[in-house]
Amino acid sequence: MIDIDVYSRRGCHLCDELIDELLELAHGRARIVVHDVDTRDEWRSVYGSSVPVVECRGKRLCRHVLDRDAVLAALAVKA
């Protein structure tokens, strides 16, 4: 099972909505790992207020809104 990383922050309604959609889309096919950008200076400097960001295997899939096609394509790639 692959990991899909979500960079978000507490209190971000866009983050909460995207995570909910992503959990449903990836259910049983990927593990969703949520990272709070405010817990690390390096994440805060990279992502700033541009959250949520979804990445898989080091590749950015989408930012702010869920790109279902990009996520589905990432889920289709074999390791």
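All of the points below concern the structure found in this document. Predicted, not measured: the structure shown is a model, and the values here were computed from it.

Topic: the pattern of salt bridges
- Inspection of the entire model under this criterion finds four salt bridges.
- In this structure, Arg44 engages Asp41 in a salt bridge whose closest nitrogen and oxygen atoms are separated by 2.6 Å. Here the residue Arg44 and the residue Asp41 both occupy positions in helix α2 (residues 41-47), the gap between them amounting to three residues, near one helical turn.
- Arg44 sits in the partly exposed class, given a relative accessible area of 34%.

Let's talk about the nonpolar core
- Among the nonpolar cores identified, the biggest contains 19 residues, and Ile4, Leu22, Val54, Leu61 and Val71 are the most heavily contacted of them.
- Top contributing element to this core by residue count: helix α1 (residues 13-26), with five residues.
- Leave out the neighbours within four places in its chain, and Ile4 touches Leu22, Ala26, Ala30, Arg31, Ile32, Val33, Val54, Glu55, Cys56, Val71 and Leu75.
- Counting eight residues, the second-largest nonpolar core is a separate cluster that includes Tyr7, Cys12, Val37 and Tyr47.

Comments concerning the pairing of strand β2 (residues 30-36)
- Bridge count between strand β1 (residues 2-8) and β2: seven bridges; the pairing is parallel. Bridged to Asp3 within β2 is Arg31.
- A crossover links β1 with its parallel partner β2, the connecting element being α1, and its sense is right-handed.

As for the packing of aromatic side chains
- This model, assessed by the stated rule, comprises two aromatic pairs.
- Their ring planes at 15 degrees and their centres at 4.4 Å tell us that Tyr7 and Tyr47 sit as a pair that is stacked. Here Tyr7 is found in strand β1, whereas its partner Tyr47 is found in helix α2, with 40 residues between them in sequence. Across the pair, exposure class does not vary: Tyr7 and Tyr47 are buried alike.
- The structure contains a cluster of three or more aromatic residues connected by ring pairs, namely Tyr7, Trp43 and Tyr47.
- Above the face of the Trp43 ring, Arg40 is positioned so that its terminal group lies 4.6 Å from the ring centre.

The rules behind the values
Residues numbered from 1 in each chain as written. Predicted model: local features only at pLDDT ≥ 70, side-chain atom pairs only at ≥ 80, totals over all residues. Heavy atoms only, no water. Salt bridge = Lys/Arg side-chain N within 4 Å of Asp/Glu carboxyl O. Helix = DSSP H or I, 4+ residues; strand = E, 2+ residues; numbered from the N terminus. Buried < 20%, exposed > 50% of the residue type's maximum accessible area, 1.4 Å probe, protein only. Core = buried A, V, L, I, M, F, W, Y, C linked by side-chain atoms within 4.5 Å. Contact = heavy atoms within 4.5 Å. Pairing = 2+ DSSP bridges. Right-handed = clockwise from strand over helix to strand, strands pointing away. Phe/Tyr/Trp six-rings, centres within 6.5 Å; stacked < 30°, edge-to-face > 60°. Lys NZ or Arg CZ within 6 Å of the ring centre and 35° of its normal.

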